Structures are given as structure tokens and as C-alpha cells.
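# A structural walkthrough
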Amino acid sequence: MEIVYVYVKKRSEFGKQCNFSDRQAELNIDIPPNPELAEQFVERNPVDTGIQCSTSMSEHEANTERFEMETRGVNHIEGGWPKDVNPLELEQTIRFRKKVEKDENYINAITQLGSIMEHCIKQNNAIDIYQEYFDDEDAVEVTEEAPSAKTINVFRDPQEIKRPAMHISWHPDGNRKLAVAYSCLNFQRAPEGMSNESYIWDLENPNRPEIALKPSSPLVTLEYNPKDSHVLLAGCYNGQIACWDTRKGSLVAELSTIEYSHRDPVYGTIWLQSKTGTECFSASTDGQPTKFMVGTEQGIVISCNRKAKTSAEKIVCTFSGHHGPIYALQRNPFYPKNFLTVGDWTARIWSEDSRESSIMWTKYHMAYLTDGAWSPVRPAVFFTTKMDGTLDIWDFVFKQCDPALSLKVCDEALFCLRVQDNGCFIACGSQLGTTTLLEVSNGLCTLQRNEKNMASSIFERETRREKILEARHREMRLKEKGKAEGKEDDLREEEPALKLENLVTKAEEEFFNVIFTELKRREAEAMKKKPKPLKQPSLETDEEAEGEEGEEERGGEESPTLEGRP
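Residues numbered from 1 in each chain as written. Predicted model: local features only at pLDDT ≥ 70, side-chain atom pairs only at ≥ 80, totals over all residues. Heavy atoms only, no water.

## Observations regarding the sheet that holds strand β1 (residues 149–155)
Stated formally: The criterion for strand pairing is that DSSP finds at least two bridges linking the strands in question. Helix and strand labels come from DSSP, where a helix needs a run of H or I of at least four residues and a strand needs a run of E of at least two; each type is numbered from the N terminus. Lines fitted to C-alpha atoms define the axes, with helix axes restricted to the stretch in contact, and inter-axis angles between N-to-C directions lie between 0 and 180 degrees.
If you walk across this open sheet you meet the four strands as β1-β25-β24-β23, and the pairing is antiparallel. Two strands bound the open sheet, and with one partner strand each, they are β1 and β23 (414–419). When strand polarity is set aside, the average angle formed by the axes of neighbouring strands in this sheet is 25°. Sheet topology note: the β23/strand β24 (residues 425–430) ladder contains five bridges and is antiparallel. The residue bridging L414 from the neighbouring strand is S430, located in β24.

Okay, here's the thing in C-alpha cells:
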């Protein structure tokens, strides 16, 4: 309880001071019992009293103060060098080490410490308390326990204006932390005053984020470096690539320039396997690596090879089957030829050997699917999230028509999920920025007996079935095409025989029409040039000569066509 106000009064305002002292007890008045009153007492019989079979209990409540934990750390750096030695200069440090190694005190100290360390090392080598005696045995089948999951922690967005959690990344060293990227992808509809910060959470302290990452633009994706857990790679909404080093604070350590950045939001970033561990790949609607698979907004998966020599070889193949954008694409960690896609209202499993259709798919759900991922420890288990706040866990060895477990995580839409490396913990991000940490039962995170062989046989069986169906469909299409071409050839043979007479008649009519039109035109011109009566004979002779010459010319030109008339 908080003290709201304290009333203060001076001692002089209380009046005369009271002095107390000890003394013996005194009897001031004594009232003996009256017998007449006792005669007037009337007993009540019977008496109704309410009783219960159980003991009476009372309930008390109290509001306790919220317990908040805070974690603090100290960065230890190399020290202990003399003032005249610069630890950054390699030559000075080597020179100082050689000087110290020649000192007799140093040699004596190392000799004494060496014997003590040797004794401790021999003790540790004597008995290995962490030795596993049952590594070679087959995995135990855990089927008696029903699939289940429980909520471990909830990490809420500390900002007043809530933002969707778009991407989650597990800490590579022990999975003790979660990096969550928050952003709003609604174009030009983000609320005013919305924060750009993303956070790193400690799994044991959900009250306050451990580190706040402060970018210039909201983060869409965020990934830990698997070789250096202090370094994080992020893709921004404005297309830039940012890099953080948590040892240097909350500000960005490295940021790509606008000229060499993406033109659209960066939807995916991954660290590439390299010797230095500093190479990364970013994906947007305008990016590409060497060999990769991309899920497009048209529902098509494209397999590409950037190092191909010709343009035709750069696009290896395409897989089409979704009716909307593909929000998740991941290969099976045990069988890389098979991959999972999530889009529209279904999740589909594909094989690289079958390109025309998927080999397995879920039923069409009432809610839109937003994300999906394979289990890292079980080849037959994968997870999907939906817009109604439901997390579905599928085990197609156990059941293929429905999910093995469907869990209502929250009331708002789930946008992303990430599975821990051991498969026991799942982190789900919602539309209001709430990240829920779930723990699944042992049956869902323990490799079952012969599960790898069963999953492989299911993949191969479904792939063969799809190949047979594809071949059948191909034959049917060829037959239909052949029938259509045969009908066209028959029509082409029948049409000339049927229409030959019509074409000849039409050609004759057009020919005579042209001749009559030309004769009329010449007669009209001759009437306009008609001379006087005296000179009429010579003109008629000329006209007749001209007419005869014209008729001879026309007869010479038109005779081949006329001879060919039937």
C-alpha cells in the first residue's frame, strides 16, 4: 500500500505532555449477580441453527508488487599491460612477452602452477561425469503420450502503439535469447508515432527486453550470426541491410548505402557458410544469390542458378500450385530434395523430381496461412501458423488429413514462427507484437523409431504416384492434340472438293465484272471526246482502230483465263 499523504503537526500544538507511570490495580465498582433476573430467563427449545458438512474457511486476497528482474553484464577486455606497452601493437607485445618469459620468477610461478593444473586435469580425465552410455541405441518410440504443448512465456511489445512481430531468431549459443523484428508492412498506413525499435529478449525475463535495437527504418527480418552471437543481420523496410554488434550498444554498427540497397522491403536475410563467417545474403523482390529457390507473389516457386552460362539455364525449373503469395519456403533438414511451401489456405510438400504438382498438401483451411517450418529433429513433423491465431503441428506419419495438434495461441493473427534447434520450444509472433514461447511434448520433439525410413518411403511413394499421374496426363494431352490435328486435316481435304465449283463460279463473275466495268469506262470517255460531223469518218476509223487494238490487247491478255474456263 502506498502512502498518499502524511499529516505533520508540531509538538507544541498537541497540548500538555502526558506522563505515564506504573501502579497497582484498583477495583472501582463491583456489581454482584441478581437472582430475580435469573428467574425471568426463558430457554428456547428447539433452536434452528445452520451448519455445513465441511469446515468454515475464509479467503483473503492481497495485491503484491510486480517482481521485475534486471540483468547486468560487464565486458572484460584485455588488460594488465604496462603503460609504455601498447596492446594494439603486435611487435611491442611480442617483445614484452619474450622479456617476461626470461624472468626467473615467471618460470618458477609457471612450474608451480603447472603441477597443480596437471593434478586437476588428471582428476577430470579419470572419470567423465557427462559420459553418455546409450548413444548407439535406437531412438525410443514415444507414442503413449498424447501430443500437447504449453505456454512458457509471453513477450509483449513494450511500445504503446503495437506492431506485428515479423521475424524471430534464436540465439545460437544455448538458445537463451530471442531476437524479434517488429514492423508494419501496410504501405502508407502505419500509425503516426510508431516506433522503429526491435528487441532482444532473455527467456527468463519477459518483463523488459535485454537490448533495444534502434534502426532508422523498421526491421522486417533479423538473424543471429551462427559463428558470432554478438553480431546480428537485419533487413529494413526501406531496403537497407543493417548489422549490429551488441557489444557496442543499441545503435547500428554497419549500414548499406541507399545506392547499393534494395528498392523494396528486405523480406529475408541469411548468413552464408564461409570461412570468415561474415558473408550474408538478402532477399527482396529484386535480389538473387548463386543457387536459390524463391517463392513469388504469384504462387510460383522458382529454382535458379545465377552462375549459369545461358539465360535459359539460369532458371532451372518452376513449381506452381498456390493461388496467392508464398509466405514460407524451407527444405526438409533430413531430405533436401523435399521442401515445404506455405501460401493461400494450404501448406504443400514438393519434390524436385516432380515439377508439375506437389506430392502432399494439407486441406484448405478457413483462415489464411502465414508461416511454416520443419521440425529440426523429426523429418515427418512441420508447423504452420494461421490468421486466426492458431498453431498447427502436423505429423504425416501419424495423421495426414488433420494436424496432430491444433493450439489456439492468441486471439489476433500469428505472423511468424521459429523452432528451436532441439525442437522442444517454438516462438510465435502475433499481429500486436506479442511473442509467445511454447514447449511441446516429448513425443513431438523426440525422433521416433524407424521414422526416417518411414518418412523416406512416404516421400518416394508419393513422388512415384505423382510421376505416374503426370505421365498419364501427358498421354491424354497428346491424344487430344492428335485428334484435334486429325480433324483439322480432314476438314482441309474436304473443303477444297466441296468449294471448288463455288470458287470457279465466283472467279468468273469477278472476271466479267472487271471487263464490263472497263468497257463502260472507255465508252464514257469516247462520248466525251465525240468530234464534229465532218470529221466523223476519220475519227471513227481512229476509234475503231483504237478499239480494235484495245480489243486485241485485251484479248491477248485475257485469252489464257478464258481458255481455262470450263
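## Let's talk about the sheet that holds strand β4 (residues 198–202)
Here we have four strands laid out as an open sheet, ordered β2-β3-β4-β5, and antiparallel in their pairing. Taken across any chain shown, the strands that pair with only one partner, and hence form the sheet edges, are β2 (165–170) and β5 (211–213). Each strand axis lies, on average, 20° off the axis of its neighbour in the sheet, ignoring direction. Inspection of the sheet shows strand β3 (residues 177–182) paired to β4 by four bridges, in the antiparallel sense. Within β4, the residue paired with L178 across the bridge is W201.

## What to know about the pattern of salt bridges
Note the cut-off: Salt bridges are counted wherever a side-chain nitrogen of Lys or Arg sits within 4 Å of a carboxyl oxygen of Asp or Glu. Each residue's exposure class comes from its accessible area (1.4 Å probe, protein chains only) as a fraction of the maximum for that residue type: buried when under 20%, exposed when over 50%, partly exposed otherwise.
Summed over all chains, the structure comprises 17 salt bridges. Among the salt bridges present, the one from R247 reaches D245, with a minimum N-O distance of 3.0 Å. You can call D245 buried: its relative accessible area is 13%. A salt bridge links E475 to R472, with the shortest nitrogen-to-oxygen separation between them at 3.8 Å. Remark: R472 and E475 occur in helix α6 (residues 451–528); sequence separation between them is three residues, near one turn of the helix. Assessed through its relative accessible area of 43%, E475 is described here as partly exposed. Among the charged side chains, a salt-bridge network with shared partners connects R461, E462, R465 and E466.

## Focus: unusual backbone geometry
Residue P46 follows N45 across a cis peptide bond; omega there is 0°. With respect to the helices, strands and loops of the structure, P46 is situated in the loop between α1 (35–39) and α2 (90–101). The backbone of D344 shows a phi angle near 45°, a positive value even though the residue is not glycine. In this structure, D344 sits in the loop between β16 (338–343) and β17 (346–351).

## What about the packing of aromatic side chains?
Test applied: Whether two aromatic rings pair depends on their centres lying within 6.5 Å, for rings of Phe, Tyr and Trp, where Trp uses its six-membered ring; planes under 30 degrees apart make the pair stacked, over 60 edge-to-face, and the rest tilted.
Taken as a whole, this structure holds 13 aromatic pairs when the rule is applied. Here W345 and Y368 contribute two aromatic rings whose centre-to-centre distance is 5.4 Å and whose plane-to-plane angle is 80°, an arrangement assigned as edge-to-face. Note that W345 is positioned in the loop between β16 and β17 and Y368 in the loop between β18 (360–361) and β19 (369–374), a separation of 23 residues in sequence. Ring geometry for F396 and F459: centres 5.4 Å apart, planes at 50°, overall tilted. Here F396 is found in the loop between β21 (390–395) and β22 (405–408), whereas its partner F459 is found in helix α6, with 63 residues between them in sequence.

## Digging into helix α3 (residues 104–126)
An α-helix turns once every 3.6 residues. As a result, residues three or four positions apart point the same way. Quick reminder of the rule: One fewer than the residue count of a helix, multiplied by 1.5 Å, yields its expected span. Definition of a polar contact: a pair of N or O atoms within 3.5 Å, with one able to donate and the other able to accept a hydrogen when the atoms are protein atoms, and with sequence-neighbouring residues admitted only if both atoms are side-chain atoms.
The terminal C-alpha atoms of α3 lie 33 Å apart, and with 23 residues this matches the ideal 33 Å at 1.5 Å per residue to within 8%. Between the side-chain oxygen at the start of α3 and the backbone nitrogen of N105 there is a gap of 3.4 Å, and the oxygen is on D103.

## Describing the nonpolar core
Soluble, globular proteins show a tendency: their nonpolar side chains are buried together. To keep it simple, the criterion reads: Nine residue types can take part in a nonpolar core, namely buried Ala, Val, Leu, Ile, Met, Phe, Trp, Tyr and Cys, and a core is a set of them joined through side-chain atoms within 4.5 Å. Contacts between residues were defined by any pair of non-hydrogen atoms, one from each residue, lying within 4.5 Å.
One finds F383, L391, I393, L417, I426, C428 and V440 to be the most contacted residues of the largest nonpolar core, which totals 18 residues. For this core, the elements supplying multiple residues, two or more each, are β20 (381–386), β21, β23, β24, β25 (435–440) and α5 (442–445). In this structure, L417 is in contact with D371, G372, A373, F383, T384, T385, L391, A427 and C428, ignoring residues within four places of it in sequence. The next biggest cluster of nonpolar side chains, apart from the first, holds 16 residues, and it includes A347, F382, I458 and F459.

## Here we look at the pairing of β20
Among the six residues of β20, six are classified as buried, and the element is accordingly described as predominantly covered. Residue alternation in β20 divides its side chains into two sets, V381, F383 and T385 and F382, T384 and K386, and both sets are buried. Bridging between β19 and β20 involves five bridges; their strand directions are antiparallel. Pairing of D371 across the sheet is with T385, part of β20. Pairing geometry for β20 and β21, over five bridges, is antiparallel. The partner of F382 across the bridge, within β21, is W394. Adjacent in sequence and paired antiparallel, β20 and β21 are bridged by three residues, among which G389 carries a positive phi angle near 80°.

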